[in-house]
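Below are the chains, spelled out letter by letter.
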Amino acid sequence: MEITTIIDILGTVSFAISGALTAMRKKLDVFGILIIALVTSVGGGTLRDILIGKTPVSWMLNMTFVYVIFGATLVAIIFRSYLKYVRRSLFLFDTIGIALYTIAGVQIATAADLHPVVCVVLGTISACFGGVLRDILCNEIPIIFHKEIYATVCILGGSVYLASSTAGLPQSIAMLVAGCIIIIVRTLAVVKEWSLPSVYKKDYSK
Amino acid sequence: MEITTIIDILGTVSFAISGALTAMRKKLDVFGILIIALVTSVGGGTLRDILIGKTPVSWMLNMTFVYVIFGATLVAIIFRSYLKYVRRSLFLFDTIGIALYTIAGVQIATAADLHPVVCVVLGTISACFGGVLRDILCNEIPIIFHKEIYATVCILGGSVYLASSTAGLPQSIAMLVAGCIIIIVRTLAVVKEWSLPSVYKKDYSK
Amino acid sequence: MEITTIIDILGTVSFAISGALTAMRKKLDVFGILIIALVTSVGGGTLRDILIGKTPVSWMLNMTFVYVIFGATLVAIIFRSYLKYVRRSLFLFDTIGIALYTIAGVQIATAADLHPVVCVVLGTISACFGGVLRDILCNEIPIIFHKEIYATVCILGGSVYLASSTAGLPQSIAMLVAGCIIIIVRTLAVVKEWSLPSVYKKDYSK
């Protein structure tokens, strides 16, 4: 139980900062920055909780999350001119958040006795839909629908975690393996500019 | 119970294909196409389930839906160049989906002991909000808010179904009557280019 | 209990009219106007109910709300040419709605035994997210994220209400004080064109 909470908090910090940075690029006011930070960090988990009927949703029951998001947003606002020089470094932060959220999502879905495929879907929703909601609130087509392959990475990592913990591996090992796979594959994907096979290639030749 | 499931599956297929086609028009990647197909087909029912507190939401409890959506999306991607020549034919598919979803939505709302007006609203939500969510995710004003009259058709069909089943007609007859009304009226509406009476007419004369 | 219902109805009317006016500015059809009016007036409370698991959501259990919204929307459509000359007066209406919704939201969250900070957040969500959903459906960045300070006013008013009712003030006094604060501060904010301190000032000097 406790390890899940720590995972959630770490993911919350990294997502709140990335949300606040996006909101500042959109020139939103302080309230807007705070809401986008909140939605980016708890949005995916909130949607997961609503879909499985786990209410009141997690972040409302643990003030730590709310304070952590307020703090991270404040830090992001104050140090924003420094943060923009370290965006490349922040990428790692974001990737760790994705890995942590995917695993936490799969764990919660498994605890709700759902089908393995649904568990992986819920892990992916936990990791990706905070960003989807952020993009919708900022009036853009969600970036993961046309760029970036991190949803695919979450599906991969979530499946590996589920398979290895079902196969009897200790929790900590299963989490470590799945987490490393997500972090490594996503980093490689961005460095090597991997993208999903296009379904439009034939049209290009016209 | 079983008939409701069959209805849901048929609607799911037709909506998934129409969602995938929309996503491909927007040039989304494979993951984006899959998500838009999923949201278009289960979005309305998911919103209905969340609003009445029926969780975990339906599609998570029946893997058939998830597999059907994956399959329909795959078919839509592979045969997309053929599908675009039969868009007019796909319209019937879509209309049947709308009819089926409306009736299933009214049935589920009735089973939850809600007021008849709310049941019709929930039937309409089941049929229409998958498309609304699809348009929001694709960053457009939902088409049913300014074109198309199919929400009105759902309200009509849902009311007829509710009235006739309350009046004691056998389920199958009530469903057939309401379904035919939705399919016929929507087809007529599109062929004859019916639209809702405009509230802006007076402004045109200026 | 009853006072909460009356509060909710008053807020519902004012929000439905403001929603319908926005939809008419976007030239939506009658169905679109009705949905935007509905979403603007019940959207915040619906999101609050979903987040805390209070389902079926409030407006479905009390047909008064649905009829009131239908009626208010009809009035807004019929008298729209008059309403546009009184937009400044409608502002008061809207502000009263915000005050009423904030207090009702805090009351419902308190009844669900949530942490005071979460109660204030839920009061603010009740008052502001109808407008956020309205803007998303109309394909705009929600206005409260970059203009207007009314979310801040809700946070202030909600906190005052919670503090004074916790401190033992009679409900009616606590509501009156918090309501007046919200109405006065928001009116002042608009008249004096207050906005949140910008976090971008340093960039202006470049």
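Above this note sits the structure.
The structure presented is a predicted model; accordingly, all values stated were derived computationally and were not measured.

### Quick look at a nonpolar patch on the surface
Residues and elements named next belong to chain A. A contiguous nonpolar surface patch, about 520 Å² in accessible area, is contributed by L74, V75, I78, F79 and Y82. The leading source of residues in the nonpolar patch is helix α4 (residues 63-78), at 3 residues. Topologically, F79 is positioned in the loop between α4 and α5 (80-83).

### Side note on helix α9 (residues 171-191) of chain C
All names here are of chain C. Between its first and last C-alpha atoms α9 spans 30 Å; for 21 residues at 1.5 Å apiece the expected length is 30 Å, and the two agree. Those residues of α9 that fall on the buried side of the exposure criterion are A174, M175, A178, G179, I182, R186 and A189. End-on view of α9: buried residues confined to an arc of 120 degrees, all on one side of the axis. Relative to its buried face, α9 has exposed residues pointing more than 90 degrees away, namely S172, L176, I184 and V191.

### Thoughts on the interface of chain A and chain C
Chain A puts 30 residues into the contact, and the matching count from chain C is 31 residues. Interface area lost by chain A to chain C is led by F31, M60 and L137 of chain A, which between them contribute 25%. Counting the contacts that link chain A with chain C gives 0 salt bridges. Summed over the shared surface of chain A and chain C, the number is 3 residue pairs in polar contact (both at pLDDT 80 or more). The element that contributes the greatest number of residues to the side of chain A that touches chain C is helix α2 (residues 30-52) of chain A, accounting for 8 residues. Residues that form the side of chain A that touches chain C fall into these classes: 21 nonpolar, 4 polar and 5 charged.

### Notes on the packing of aromatic side chains
All names here are of chain B. Within this structure, the stated rule accounts for 9 aromatic pairs over all chains. Geometrically, the ring pair formed by F79 and Y82 is tilted, given 6.1 Å between the ring centres and 55 degrees between the ring planes. Among the residues examined, Y82 registers a relative accessible area of 56% and is labelled exposed.

### Here we look at the relation of the copies chain C and chain B
With an RMSD of 0.0 Å, the fit of chain C onto chain B corresponds to turning through 120 degrees and sliding 0.0 Å along the axis. Classification of the inter-copy transformation places it as that of a three-fold axis. Taken together, the interface assignments show that only 10% of the residues at the interface of chain C recur at the interface of chain B, consistent with different surfaces on the two copies.

### Things to note about the pattern of salt bridges
Overall, the coordinates contain 9 salt bridges over all chains when judged by the stated rule. A salt bridge links D49 of chain A to R48 of chain A, with the nearest nitrogen and oxygen atoms 3.1 Å apart. Taking the shortest distance from any N to any O, the salt bridge between R134 of chain B and D135 of chain B comes out at 3.1 Å. Neither R134 of chain B nor D135 of chain B differs from the other in exposure class; each is buried.

Procedures and definitions
Residues numbered from 1 in each chain as written. Chains lettered and ligands numbered in written order. Predicted model: local features only at pLDDT ≥ 70, side-chain atom pairs only at ≥ 80, totals over all residues. Heavy atoms only, no water. Patch = residues over 30% accessible without salt bridge, like charges linked within 9 Å, V, L, I, M, F, W, Y side chains within 5 Å. Areas by Shrake-Rupley, 256 points an atom, 1.4 Å probe, with all protein chains shown as cover. Salt bridge = Lys/Arg side-chain N within 4 Å of Asp/Glu carboxyl O. Helix = DSSP H or I, 4+ residues; strand = E, 2+ residues; numbered from the N terminus. Expected span 1.5 Å × (residues − 1). Buried < 20%, exposed > 50% of the residue type's maximum accessible area, 1.4 Å probe, protein only. Arc of directions from axis to C-beta. Contact = heavy atoms within 4.5 Å. Buried area = accessible area lost by both parts, 1.4 Å probe. Polar contact = N/O pair within 3.5 Å; in protein donor to acceptor, adjacent residues only side chain to side chain. Nonpolar A, V, L, I, M, F, W, Y, C, P; charged D, E, K, R; others polar. Phe/Tyr/Trp six-rings, centres within 6.5 Å; stacked < 30°, edge-to-face > 60°. Least-squares fit on C-alpha atoms with pLDDT ≥ 70 in both.

In short, geometric facts, not functional conclusions.
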